[in-house]
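# Reading the structure
This is what each chain is made of:
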Amino acid sequence: MGKLTVGALRAVLVVVLAGTVFVQALMVWALATDPEDGSLPLTPLRVITILGMVSAQVALVCVWRLVTMVRRGTVFSHAAFRYVDGVIGAIVAAALVWFAVTALNAPGQRDDPGVTLIMGGIGLAILGVALIVLVLRMLLAQAVARDVEAAQMQAELDEVI
């Protein structure tokens with residue numbers, strides 16, 4: 001992975017992280033100062049937004065750590081699994097947050113249930129992304145096993161020579 005690629009990815013991660021922190025701050029401020037007028041359940045939606053941002057931030061930090069490991073050449077190790085698991089957990093949490101938004105929005109969509117179905121489909125798509133990352137985790141596990149096996153074979157070869 002080149003320095004330009006790593007730098008660009010890190011710049012994107014920093015911008016997204018700063019954006020999520022800004023949105024969280026606005027949501028907390030709105031929770032504390034803006035009274036509800038009774039038209040929509042704003043407080044639950046604001047809390048859900050804050051939780052959604054937390055899941056995104058966890059994923060961003062885990063991706064940052066994985067990029068660091070790739071840059072150092074240590075990504076094919078058992079230490080990488082905790083960060084990949086963090087990304088998977090964050091994606092599943094984001095899906096659950098999305099399903100909560102869907103459930104809060106559903107009563108207002110009685111005349112047009114298609115919106116709720118589409119939102120549910122988006123939640124399933126988010127879970128699909130978690131499954132894709134899980135498959136990539138399995139590939140990482142195979143690569144780590146091959147790396148360990150290659151290191152053992154190299155050690156045996158070094159003994160023979």
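Residues numbered from 1 in each chain as written. Predicted model: local features only at pLDDT ≥ 70, side-chain atom pairs only at ≥ 80, totals over all residues. Heavy atoms only, no water.

## Thoughts on the domain arrangement of the protein chain
In terms of domains, the protein chain is made up of domain 1 (1-38) and domain 2 (41-159). Each of domain 1 and domain 2 has a C-alpha centre, and these two points are 18 Å apart. In this complex, domain 1 contributes 20 residues to the contact, which on the side of domain 2 involves 19 residues. In total, about 1900 Å² of surface goes out of reach between domain 1 and domain 2, with carbon and sulfur atoms giving 72% of it. Summed over the shared surface of domain 1 and domain 2, the result is 0 salt bridges. Along the contact surface separating domain 1 from domain 2 lie 5 residue pairs in polar contact (both at pLDDT 80 or more). (Domains from an automatic or database assignment. Contact = heavy atoms within 4.5 Å. Buried area = accessible area lost by both parts, 1.4 Å probe. Salt bridge = Lys/Arg side-chain N within 4 Å of Asp/Glu carboxyl O. Polar contact = N/O pair within 3.5 Å; in protein donor to acceptor, adjacent residues only side chain to side chain.)

## A short note on the UniProt feature "transmembrane region" (unreviewed entry) in the protein chain
Mapped onto this structure's residue numbering, the UniProt feature "transmembrane region" (unreviewed entry) falls at residues 12-32, 44-67, 79-101 and 113-136. Taken as a whole, residues 44-67 contains 100% helix and 0% strand, while its terminal C-alpha atoms sit 35 Å from one another. (UniProt positions renumbered as here; feature names shortened; annotations may be inferred. Helix = DSSP H or I, 4+ residues; strand = E, 2+ residues; numbered from the N terminus.)

## Describing the environment of Ala59
Position of Ala59 relative to the elements: it lies in helix H2 (residues 42-72). Judged by its relative accessible area of 18%, Ala59 falls in the buried class. As a C-alpha pair, Ala59 and Ile91 span 32 residues in sequence and 7.5 Å in three-dimensional space. In this view, Ala59 contacts Val87 and Ala90; residues no more than four positions away in its chain are not counted. (Buried < 20%, exposed > 50% of the residue type's maximum accessible area, 1.4 Å probe, protein only.)

## Structural notes on the environment of Val47
For Val47, the location among the structural elements is in helix H2. What makes Val47 partly exposed here is its relative accessible area of 36%. C-alpha separation for the pair Val47 and Thr116, spaced 69 residues apart in sequence, amounts to 20 Å.

## Here's the deal with the nonpolar core
Counting residues in hydrophobic clusters, the biggest one holds 15 residues, and the most contacted among them are Leu66, Met69, Ala80, Val84, Val133 and Leu140. Put simply, the parts of the chain that give this core at least two residues each are H2, helix H3 (80-105) and helix H4 (113-160). The contact partners of Met69, leaving out residues within four places of it in the chain, are Thr74, Val75, Ser77, Ala79, Ala80 and Tyr83. (Core = buried A, V, L, I, M, F, W, Y, C linked by side-chain atoms within 4.5 Å.)

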